[in-house]
Amino acid sequence: MYEIIPLPSNGIFYNSEVKLKYLTANDELFILKPNNMNNPNIKNILIEKLLYDDSININDLLVGDRDVLFLHTMESAYDSKLQFSYGDEPYELDTRDFEIKKLLVNPSENGTYFFKTKKSEVNIEFRLKTIGDEIKCFGKEKIDILKNQIVSINGDKDIDTISKIFDTLPIKDSLEFQAYINEISPGINIDFKPEKNVLLNIPIDFTLYGIVNETLNEHTMNVNNEIFTLVHYGHFSYSDVISMSVFNRRYFINKLFDDKQQQREAEEKQISNMKNKK
């Protein structure tokens, strides 16, 4: 089973939509392995597993498109309403309210964009960040990640020259360049303002759903308990349960509990009627 998910990049670099499989218990147990959760690439690995076909190379996927697919995956499996705390105050977020930023600026025929700095009048040719860029730059400084997106400066494509010129840019030019990239990049607007003069950037990752190293055992046990419930009490096969979407798994569990509750209430009512007849 899969869903067709529209991408905010609007088909400019690849398909405008993708087929995405539902998250299953098999996927959850894979994610929850400590070695996998500590892998900085785990979010990308998950999306690659869930892509229904190979029409898009995962490394070519824009980071903003990946974030939309990840958020949709988690919303489909879990609740879109999330609880978190800032300071001592509890807050509730609904991920369905997050603004999806679409790509509205067309690139050059080479798939690149251009920006001219105001003060130094430097012409920068750059590309939007892809998963491949992200993987290449894991653990690097923000400035090096930014340089990796630059294709040429004043027409010069030499990596060393690009680095030297960019390092000499006035801070204001550098900040305006970064702001322009953020402005045109597709993805999710995840800014949240819990109070005046405080702006939080909500991370689109597993921590948003409380899946962190400290809770891995708890989450793993919950998944295994749900699998056991459907296999033991619902008489599903193990293979059916682990390949079932998380949404369907929890639907069947709730129905099973409801049926058991109704059966218990009917039995109690029958016993009560028998006692009244004596």
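Structure: see above.
All figures in this text were calculated on a predicted structure; none of them were measured in a lab.

Participant: With reference to specific residues and values, describe the packing of helix 6 (residues 142–149) against helix 7 (residues 159–167).
Facilitator: Across the interface, helix 6 lies against helix 7 with an axial gap of 10 Å and an inter-helix angle of 125°. Considering their axes alone, helix 6 and helix 7 lie oblique with respect to each other. Taken as a pair, helix 6 and helix 7 cross one another with a handedness that is right-handed. Facing helix 6, whose interface residues are Ile143, Leu146 and Lys147, helix 7 presents Ser163, Phe166 and Asp167. For the contact of helix 6 with helix 7, the residue count by class is three nonpolar, one polar and two charged.

Participant: So what about the packing of aromatic side chains? Which residues, and what values?
Facilitator: As enumerated under the stated definition, the model contains twelve aromatic pairs in all. Taken together, a centroid distance of 5.3 Å and an interplanar angle of 85° make the contact between Phe126 and Phe177 edge-to-face. Residue Phe126 is located in strand 7 (residues 123–126), and its partner Phe177 is located in helix 8 (residues 171–184); the two are separated by 51 residues in the primary sequence. Judged on exposure class, the residue Phe126 and its partner Phe177 are both buried. Put simply, the rings of Tyr113, Phe115, Phe126, Phe166, Phe177 and Tyr180 touch in pairs and so form one group of aromatic residues.

Participant: Please provide a residue-by-residue account of the packing of helix 6 against helix 8, values included.
Facilitator: The relative placement of two packed helices comes down to the angle between their axes together with the axis-to-axis distance. It is at 12 Å that the axes of helix 6 and helix 8 come closest, and there the two elements cross at 65°. For the element pair helix 6 / helix 8, the angle class is roughly perpendicular. Considering only the axes of helix 6 and helix 8, their crossing is left-handed. Residues Lys142, Leu146 and Gln149 of helix 6 form the contact with helix 8, whose own contacting residues are Phe177, Gln178 and Ile181. Residue composition of the contact of helix 6 with helix 8, by class: three nonpolar, two polar and one charged.

Definitions and cut-offs
Residues numbered from 1 in each chain as written. Predicted model: local features only at pLDDT ≥ 70, side-chain atom pairs only at ≥ 80, totals over all residues. Heavy atoms only, no water. Axes fitted to C-alpha atoms, helices over the stretch in contact; angles between N-to-C directions. Helix = DSSP H or I, 4+ residues; strand = E, 2+ residues; numbered from the N terminus. Parallel < 35°, antiparallel > 145°, perpendicular 65-115°, else oblique. Left-handed = near helix turned anticlockwise from the far one by under 90°. Contact = heavy atoms within 4.5 Å. Nonpolar A, V, L, I, M, F, W, Y, C, P; charged D, E, K, R; others polar. Phe/Tyr/Trp six-rings, centres within 6.5 Å; stacked < 30°, edge-to-face > 60°. Buried < 20%, exposed > 50% of the residue type's maximum accessible area, 1.4 Å probe, protein only.

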